[in-house]
Amino acid sequence: MTSISRLCLFSISVLILVLKCQASQSSGMYTFDLYSVPHMLNNNMGQWGYGLEYRFYLPIGTPAQYIPVAVDSGSPGLVVYSDICKDPECKGKVLFNQQESSSWVDLHKPVFYSYGAGKISGELGTEELSFSSSEKMTMLFSLIEKVDWTEPGFGAFNFSGICGLSLSQGMNNISVLQNAYDNGLIKYNMFGFGVSSDLSTPGELVLGGYDESYFTGDLQWHDVMQDQSYGILYMLNGTGVKVNGQFLKLPCAEFRNCSFLVDTGGGLFDIAAPGFPSLAVESDCSNVSQLPTFSIFIDNNEYEFTPADYILKVPNPNGSGTICVSTALGGDATDGYVDIAGWFFHKYYAVFDRQNQVVGFAPRN
């Protein structure tokens, strides 16, 4: 959910089982249930695809209030919607009530944030986060009172805050991960991101490590690129894009210096490159056999997607039966980009190592 995201969002209703429980603890790690919420999205080329919002329930305050927050590796800090918010984007959502928490401290400092989809503002304060009945930490975060998502439909996303886990941070933007590590609650300054293959079943977000039961083989580790004009993000060295066995030439000067963005908050697996075909599917599934197999290469390691990987059959939101939808978007563009987000994580488990500034991928079970 970085400033370079280009998304318009329209929700599809789904039934999500919400388990409001504290994180489970194991050897300096904390595991939260991770929920995948699908939406129809479009990119800056006007293409529609089936994207995903990833969120978990964060226990905030005393007593704890369980707030659904988006997991966002593309932004810093923690922001949570306040029940003071009366904007349309806040209606019908689980909002934090600071009046009901004995540990809330208002620092009386206004904050303003800009995202690719709009702006939010509020007050800076501190609050207790409960990782378990005995493990708590004081967290600096922004309580949002005004939400102005300029992208149409962005308020349809079901989160009530954003848990930023990017590499960057400032005086007002300290990530939950970094704070937990600094307070000795987790052993390693990293998080594991495991998405379930079944949308009705939660995956898991692991703070302080990762879960080897979620993937097969070894993790392929990739260094984060240090020279970044877009900020300190999880940008990896992109070494190629292949379509139906043919490599495409990437003009690095117009291609973010051939860096690929990894963004758990981006929602949509999106590729634009010279000669890259559309991945759009007909709702009646009539062109599935004509769609390409494509791969992206990071440090010369291949990550392949066949039509069976990125085309899904889902219930028809406008009638009976099912329709085909694409979970990846693609297009022919000179000033291209690769946004690793959304459905990518349903095929590959991801580990974000903040301490060593590397990202690891492995095929998910």
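It should be noted that the structure appears before, not after, this text.
The sections below set out a description of the structure shown in this document. (Residues numbered from 1 in each chain as written. Predicted model: local features only at pLDDT ≥ 70, side-chain atom pairs only at ≥ 80, totals over all residues. Heavy atoms only, no water.)

## A short note on the packing of aromatic side chains
And step 1. Counted by the stated rule, this structure contains 31 aromatic pairs.
And step 2. Aromatic pair Phe193 and Phe345: ring centres 5.1 Å apart, planes at 75°, arrangement edge-to-face. With Phe193 in strand 11 (residues 190-194) and Phe345 in helix 3 (residues 344-347), the pair connects residues that are 152 residues apart, well separated along the chain. The same class applies to Phe193 and to Phe345, which are both buried.
And step 3. By way of ring pairs, the aromatic residues Tyr54, Phe193, Phe269, Phe276, Phe294, Tyr303, Phe305, Tyr310, Phe344, Phe345, Tyr348 and Phe361 are connected into one cluster.
And step 4. The ring of Phe159 is capped by Lys93, whose NZ or CZ atom sits 5.9 Å from the centre of that ring. (Phe/Tyr/Trp six-rings, centres within 6.5 Å; stacked < 30°, edge-to-face > 60°. Helix = DSSP H or I, 4+ residues; strand = E, 2+ residues; numbered from the N terminus. Buried < 20%, exposed > 50% of the residue type's maximum accessible area, 1.4 Å probe, protein only. Lys NZ or Arg CZ within 6 Å of the ring centre and 35° of its normal.)

## Points about unusual backbone geometry
And step 1. The omega torsion of the bond from Thr62 to Pro63 falls at -5°, within 30 degrees of zero and hence cis.
And step 2. Along the chain, Pro63 falls in the loop between strand 4 (48-60) and strand 5 (65-72).
And step 3. Its identity as a non-glycine residue notwithstanding, Cys285 has a phi of 70°, on the positive side.
And step 4. When you line up the elements, Cys285 lands in the loop between strand 17 (269-272) and strand 18 (294-298).
And step 5. Positive phi, close to 55°, is recorded for Gln357, a residue that is not glycine.
And step 6. Mapped onto the secondary structure, Gln357 falls in the loop between strand 24 (348-353) and strand 25 (358-363).
And step 7. Taking relative accessible area as the criterion, Gln357 reaches 27% and is therefore assigned partly exposed.

## A short note on the nonpolar core
And step 1. Core analysis: the biggest nonpolar cluster contains 75 residues, and Phe193, Phe294 and Phe344 have the highest contact counts within it.
And step 2. Among the elements that take part in this core, strand 4 stands out by supplying six residues, more than any other.
And step 3. The residues contacting Phe294, other than those within four sequence positions of it, are Lys242, Val243, Phe269, Ile271, Phe276, Leu279, Tyr303, Glu304, Phe305, Tyr310 and Ala328.
And step 4. By size, the runner-up hydrophobic cluster in this structure holds 18 residues, among which are Tyr81, Tyr113, Ile144 and Trp149. (Core = buried A, V, L, I, M, F, W, Y, C linked by side-chain atoms within 4.5 Å. Contact = heavy atoms within 4.5 Å.)

## With respect to the state of the cysteines
And step 1. Here the structure, examined in full by the defined rule, presents two disulfides.
And step 2. Between Cys85 and Cys90 runs a disulfide, and the two sulfur atoms are separated by 2.1 Å. Here the disulfide of Cys85 and Cys90 is right-handed, its torsion about the S-S bond being about 85°.
And step 3. For Cys85, a relative accessible area of 4% translates into the label buried.
And step 4. The disulfide partner of Cys285 is Cys324, and the S-S distance across this bridge is 2.1 Å. Taking the torsion about the sulfur-sulfur bond, which here is approximately 100°, the covalent link between Cys285 and Cys324 counts as right-handed. Of this pair, Cys285 sits in the loop between strand 17 and strand 18 while Cys324 sits in strand 21 (residues 322-326), placing them 39 residues apart in sequence.
And step 5. Using a relative accessible area of 6% as the deciding quantity, one classes Cys324 as buried. (Disulfide = S-S within 2.5 Å.)

## What about the pattern of salt bridges?
And step 1. Counted according to the given criterion, the structure contains four salt bridges.
And step 2. With its nearest N and O atoms 3.1 Å apart, the salt bridge here joins Lys146 to Asp87. Of this pair, Lys146 sits in strand 9 (residues 136-149) while Asp87 sits in the loop between strand 6 (78-81) and strand 7 (105-115); the two residues are 59 residues apart in sequence, bridging distant segments of the chain.
And step 3. When its relative accessible area of 12% is taken as the criterion, Asp87 is described as buried.
And step 4. Lys242 serves as the salt-bridge partner of Glu302, at 3.2 Å between the closest nitrogen and oxygen. (Salt bridge = Lys/Arg side-chain N within 4 Å of Asp/Glu carboxyl O.)

## Focus on the pairing of strand 24
And step 1. Among the six residues that make up strand 24, six are buried, leaving the element largely enclosed by the rest of the structure.
And step 2. With burial as the criterion, each face of strand 24 is covered, one bearing Tyr348, Ala350 and Phe352 and the other bearing Tyr349, Val351 and Asp353.
And step 3. Pairing between strand 11 and strand 24: four bridges, direction antiparallel. Bridge assignment links Phe193 to a residue of strand 24, and that residue is Ala350. (Pairing = 2+ DSSP bridges.)

## Looking at the side chain of Ser175
And step 1. Structurally, Ser175 can be placed in the loop between strand 10 (161-164) and helix 1 (176-182).
And step 2. From its side chain, Ser175 meets the backbone nitrogen of Gln178 in a polar contact 2.9 Å long.
And step 3. Other than its neighbours up to four places away in sequence, Ser175 contacts Gly77, Met139, Gly164, Leu165, Gln169 and Arg354. (Polar contact = N/O pair within 3.5 Å; in protein donor to acceptor, adjacent residues only side chain to side chain.)

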